[in-house]
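Okay, here's what each chain looks like letter by letter:
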Amino acid sequence: MRLSNKVALITGGTSGIGEATAILFANEGAKIVITGRSEERGKAVVAQIAKNGGQATLVRADVRNAVDCRHSVDETLRIFDRLDVLFNNAGVFYPHTVVDCTEEEWDLQMDINLKGTFLMSKFALPRMIEQGSGVIINNSSGWGLVGGDAGVAYCASKGGVVLLTKAMAIDHGPQGIRVNCLCPGDVDTPMLPEDARMRGQKWEDYLATCADRPMGRIGTAEEIAKAALFLASDESSFMTGATLVVDGGGVAD
């Protein structure tokens, strides 16, 4: 029960890493609010948490929209009267080079991956400052640290998340708030087969390229959730402004 009596708000909590993290945090004692654009998937996650004896609620939100982001925080405070952990997890990926990336897809990845992290933090921080405590976890990527093929907008947005994390840690550490960053590698979520499809690759061939890592496999959403739990809990009490890479050795190779 490492998050007993804590309240956690998780963006993009309706599938993949967000879903796995919501379930794990709830099992560790946290009260959960998840955001997402799919009401059907969100209700399924909430039901799973309730089935395990936890408390959770869904707020439909698009992190590109400041009104939605403010509403997500306001609803969290209305229901649970505090906010201890914000996991900025919502993200999208489209494979493009600079030449073939459209302005619309550049803006979409910047808006969800980077601007959404900024907006959610902007509205969560005042309450955390008032409480004198809080944890923000920003989900970046291994490609936020190194370049990747046909991923210019994604790399740029996730690199921005890494440095946004460091700047926030400096600003808000004196107020009792820790801000850290997760950098997952290839993870078994719906985003991965969709990337393969957009690249015109067979799933088997795509997995073979992902296996060319020191650990020889892709990760699971549950493995990333465990890393998020470490950053959310007091086990990482002396960490802020840090980047935690969980990628099977991908960026080390």
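Scroll up a little and you will see the structure.
Below you will find a few notes about this structure. For clarity, every value in this text was computed on a predicted model and none was experimentally measured.

1. A few points about the packing of helix α1 (residues 16-27) against helix α8 (residues 221-232)
Put simply, α1 and α8 touch, their axes get as near as 8 Å, and they point 55° apart. Compared by their axis directions, α1 and α8 come out oblique. Note that α1 runs across α8; the crossing there is right-handed. On the side of α1, the interface is formed by G16, I17, A20, T21, L24 and F25, while α8 contributes A221, E222, I224, A225, K226, A228, L229 and A232.

2. Comments concerning the pairing of strand β6 (residues 177-184)
Where a strand is regular, its side chains alternate between the two sheet faces. The element β6 is largely enclosed, with a buried count of 8 among its 8 residues. Burial along β6 is two-sided: the face carrying I177, V179, C181 and C183 and the face carrying R178, N180, L182 and P184 are both buried. By the bridge criterion, 6 bridges tie strand β5 (residues 134-139) to β6 in an arrangement that is parallel. In the strand pairing of β6, I137 is matched with N180. Between β5 and its parallel partner β6, the chain crosses via helix α5 (residues 152-172), and the hand of that crossover is right-handed. Two strands pair when backbone bridges link them, and β6 and strand β7 (residues 243-246) are joined in this way by 4 bridges, in the parallel orientation. Bridging from a neighbouring strand, L182 pairs with L244 of β7.

3. Side note on the packing of aromatic side chains
Under the definition given, this model contains 3 aromatic pairs. Consider the rings of W203 and Y206, whose centres lie 5.7 Å apart with planes at 15°: the pair is stacked. Placement of both W203 and Y206 in helix α7 (residues 203-210) is noted, with a separation of 3 residues, approximately one turn of the helix. Through pairs of rings, three or more aromatic residues link up here, namely F93, W143 and Y154.

4. A look at the nonpolar core
One broad trend across soluble globular proteins is that nonpolar side chains are buried collectively. Core analysis: the largest hydrophobic core is formed by 30 residues, its most contacted members being F25, I32, I137 and L182. Contributing elements (two or more residues each) for this core: β1 (7-10), α1, β2 (31-36), α2 (39-51), β4 (85-88), β5 and α8. Residue contributions to this core peak at 8 residues, all from α8. Apart from the residues within four sequence positions on either side, F25 is in contact with L3, A8, I10, A30, I32, V85, A225, A228, L229 and A232. Grouped together as the second largest cluster of nonpolar side chains are 26 residues, V7, V63, A90 and M128 included.

5. Considerations on a nonpolar patch on the surface
A cluster of nonpolar side chains, namely L145, V146, V245 and V251, defines an oily patch on the protein surface of about 260 Å² accessible area. By the element assignment, V245 lies in strand β7. Assessed through its relative accessible area of 34%, V245 is described here as partly exposed.

6. Focus: α2
When the terminal C-alpha atoms of α2 are compared, their 18 Å separation across 13 residues agrees well with the 18 Å that a helix rising 1.5 Å per residue should span. Every buried residue of α2 is accounted for by G42, V45, V46 and I49. Taken down its axis, α2 places every buried residue within 95° of arc, on the same side. With respect to the buried face of α2, the exposed residues turned more than 90 degrees away are E40, K43 and K51. Just past α2, the residue G53 takes up positive phi, approximately 90°.

Conventions we followed
Residues numbered from 1 in each chain as written. Predicted model: local features only at pLDDT ≥ 70, side-chain atom pairs only at ≥ 80, totals over all residues. Heavy atoms only, no water. Axes fitted to C-alpha atoms, helices over the stretch in contact; angles between N-to-C directions. Helix = DSSP H or I, 4+ residues; strand = E, 2+ residues; numbered from the N terminus. Parallel < 35°, antiparallel > 145°, perpendicular 65-115°, else oblique. Left-handed = near helix turned anticlockwise from the far one by under 90°. Contact = heavy atoms within 4.5 Å. Buried < 20%, exposed > 50% of the residue type's maximum accessible area, 1.4 Å probe, protein only. Pairing = 2+ DSSP bridges. Right-handed = clockwise from strand over helix to strand, strands pointing away. Phe/Tyr/Trp six-rings, centres within 6.5 Å; stacked < 30°, edge-to-face > 60°. Core = buried A, V, L, I, M, F, W, Y, C linked by side-chain atoms within 4.5 Å. Patch = residues over 30% accessible without salt bridge, like charges linked within 9 Å, V, L, I, M, F, W, Y side chains within 5 Å. Areas by Shrake-Rupley, 256 points an atom, 1.4 Å probe, with all protein chains shown as cover. Salt bridge = Lys/Arg side-chain N within 4 Å of Asp/Glu carboxyl O. Expected span 1.5 Å × (residues − 1). Arc of directions from axis to C-beta.

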